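What follows is each chain in one-letter form.
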Amino acid sequence: MNIGIDRIDFYTPNQYVDLVDLAKRRDVDPDKFTIGIGQEKMGLPLISQDAVTMAAMAADKILDEATKKDIELLIIGTESGVDESKAASLFVRDLIGLPKTVRAFEIKEACYGATAGIQMAYNFVAQNPEKSALVISSDIARYGLNTPGEVTQGAGAVAMLIKAEPKILALQNDSVFMSENVGDFWRPTFSKYAFARGKFSNEVYIRFFDELYDAYFEKNNTTIDDLSAILFHIPYSKMGKKALQSVENKVDEAKYHELMQRYESSILLSKSIGNLYTGSLYLGLISYLENAEDLKTDDQIMLFSYGSGSMGEIFTGKLQPGYKENLNQEQHLKELAERRKLSVDEYETEFKKEIEIVDGDWFIGNLTNEKYYLEQIKENERIYKSL
Ligand code: COA
């Protein structure tokens, strides 16, 4: 029985900052951001949007009433949780109308959370082949104004339906993984913003990839020639590229060229949306499937998942017949084209907005006109609404 990704889609907020504008304001050569970092735009949520509303928006795109009935597992991978105790999944289950008979919870391990969710979902479906699992990554990447990481921010969610005989990607149950206690990126409970040792995190990310790359082929007794592409966690597009460059001496020239060309297809969406933290790898998968040329059924794609702190995993999936009919490229291009460009002043003002709770209450209403929103905080409890 094949198990894997049957449906996949993403949501990103309807407003963005252009990184050339940001570079000019920060007195930086725009080429540093667009070439050196490899990013062009970054999405920014409004104060009524958070990991819950974005997850619900993404999930809505892949579900209908029939598919909802079979879902018995809902996992949200996030490092932008809205509550230290209650899982975002419980709000989301309610908003999108999943049955009560769903096991719903949240997973945190930096940008690795959704991958943990997918592996758990795989095992769940293996034991319950008639049932399916909904895995959603949802994050707001925030480093702060005027920080080195500012250009690597972004926001959004990726929703994936994991089931038997999937229509898009059949996972191969061939993972290799590793973990270490590393201080490359973290966000303590007392801070709204992440702390990152940016250059050190590059080193750890590449080292994890290198070790897992070798371990993968050793464990599975295969070679790079069995694979058509390597997709990476993409906090910014230069980072995955550097990791891919690290295997140049391990593959022949033609294969390296092919892998690099295919990598370029996988970063198009991220360049225009920014960092989704745990969703970045899966946004890269959508980008790759929508933009790469000459894809064939049974193409085997390697995915490298990395969460700072640090957890890494490499696994693969095989492309399923008719995968393209289950993607929404035209819709994505339209949505991205219709986003509102924020001036740097608007971005900074929005960025600094804080929830201001007075006597346990705060009211904001729907700022976005989108289906799901945080309407208010009442008696210290978040109240979400849907249109
Ligand atoms: N034109 C083209 N490229 C330029 C340039 C210009 N005018 N000026 C600088 N660059 C290049 C640099 O050469 C460098 O490229 P390289 O990495 O290939 O050497 C790149 O732009 C970045 O410049 P650098 O000086 O290293 O940037 P920085 O000190 O401002 O920090 C990060 C960059 C990525 C370290 C920082 O944005 C960061 O900390 N981001 C968060 C890290 C992260 O996401 N960690 C978690 C990962 S899982």
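Our structure is the block above this text.
The notes below deal with the structure included here. (Residues numbered from 1 in each chain as written. Predicted model: local features only at pLDDT ≥ 70, side-chain atom pairs only at ≥ 80, totals over all residues. Heavy atoms only, no water.)

1. What about the pattern of salt bridges?
Reasoning step 1: Here the structure, examined in full by the defined rule, presents 24 salt bridges.
Reasoning step 2: Put simply, Lys250 and Asp214 hold a salt bridge, and the shortest N to O gap is 3.1 Å. Highlighted residues: Lys250 in the loop between α8 (237-245) and α9 (253-266) and Asp214 in helix α7 (residues 198-220), separated in sequence by 36 residues.
Reasoning step 3: Across the salt bridge formed by Arg340 and Glu346, the nearest N and O atoms sit 3.3 Å from each other.
Reasoning step 4: Here the salt bridges do not stand alone but share partners, grouping Arg25, Arg26, Glu150, Asp345 and Glu348 into one network. (Salt bridge = Lys/Arg side-chain N within 4 Å of Asp/Glu carboxyl O. Helix = DSSP H or I, 4+ residues; strand = E, 2+ residues; numbered from the N terminus.)

2. With respect to the site of the ligand
Reasoning step 1: Around the ligand sit 20 residues, and of these Asp29, Lys32, Pro148, Lys238 and Lys242 come closest.
Reasoning step 2: Within the side chain of Tyr143, a nitrogen or oxygen atom sits 3.1 Å from an oxygen atom of the ligand.
Reasoning step 3: One of the side-chain nitrogen or oxygen atoms of Ser201 is found 3.0 Å away from a nitrogen atom of the ligand.
Reasoning step 4: Protein contact buries 71% of the 980 Å² of open area that the ligand shows by itself.
Reasoning step 5: Those elements giving two or more residues to the shell around the ligand turn out to be α2 (30-37), α7 and α8.
Reasoning step 6: Among the elements that line the shell around the ligand, the one with the most residues is α2, at 4 residues.
Reasoning step 7: A breakdown of the residues in the shell around the ligand according to their chemical character gives 7 nonpolar, 7 polar and 6 charged. (Near = heavy atom within 4 Å. Polar contact = N/O pair within 3.5 Å; in protein donor to acceptor, adjacent residues only side chain to side chain. Areas by Shrake-Rupley, 256 points an atom, 1.4 Å probe, with all protein chains shown as cover. Nonpolar A, V, L, I, M, F, W, Y, C, P; charged D, E, K, R; others polar.)

3. Things to note about the packing of aromatic side chains
Reasoning step 1: Across all of its chains, the model carries 18 aromatic pairs by this definition.
Reasoning step 2: Ring geometry for Phe208 and Tyr306: centres 5.5 Å apart, planes at 85 degrees, overall edge-to-face. In this pair, Phe208 is assigned in helix α7 and Tyr306 in strand β13 (residues 300-307), connecting sequence segments 98 residues apart. The residues Phe208 and Tyr306 share a single accessibility class, namely buried.
Reasoning step 3: Through successive ring pairs, a cluster of aromatic residues spans Tyr205, Phe208, Phe209, Tyr213, Tyr216, Phe217, Phe232, Tyr263, Phe304 and Tyr306.
Reasoning step 4: Above the ring of Tyr16, the side-chain terminus of Lys41 is found at 5.0 Å from the ring centroid.
Reasoning step 5: Note that Arg142 overlies the ring of Phe351, its terminal NZ or CZ placed 4.1 Å from the centroid. (Phe/Tyr/Trp six-rings, centres within 6.5 Å; stacked < 30°, edge-to-face > 60°. Buried < 20%, exposed > 50% of the residue type's maximum accessible area, 1.4 Å probe, protein only. Lys NZ or Arg CZ within 6 Å of the ring centre and 35° of its normal.)

The values reported here are purely geometric and, on their own, carry no functional implication.
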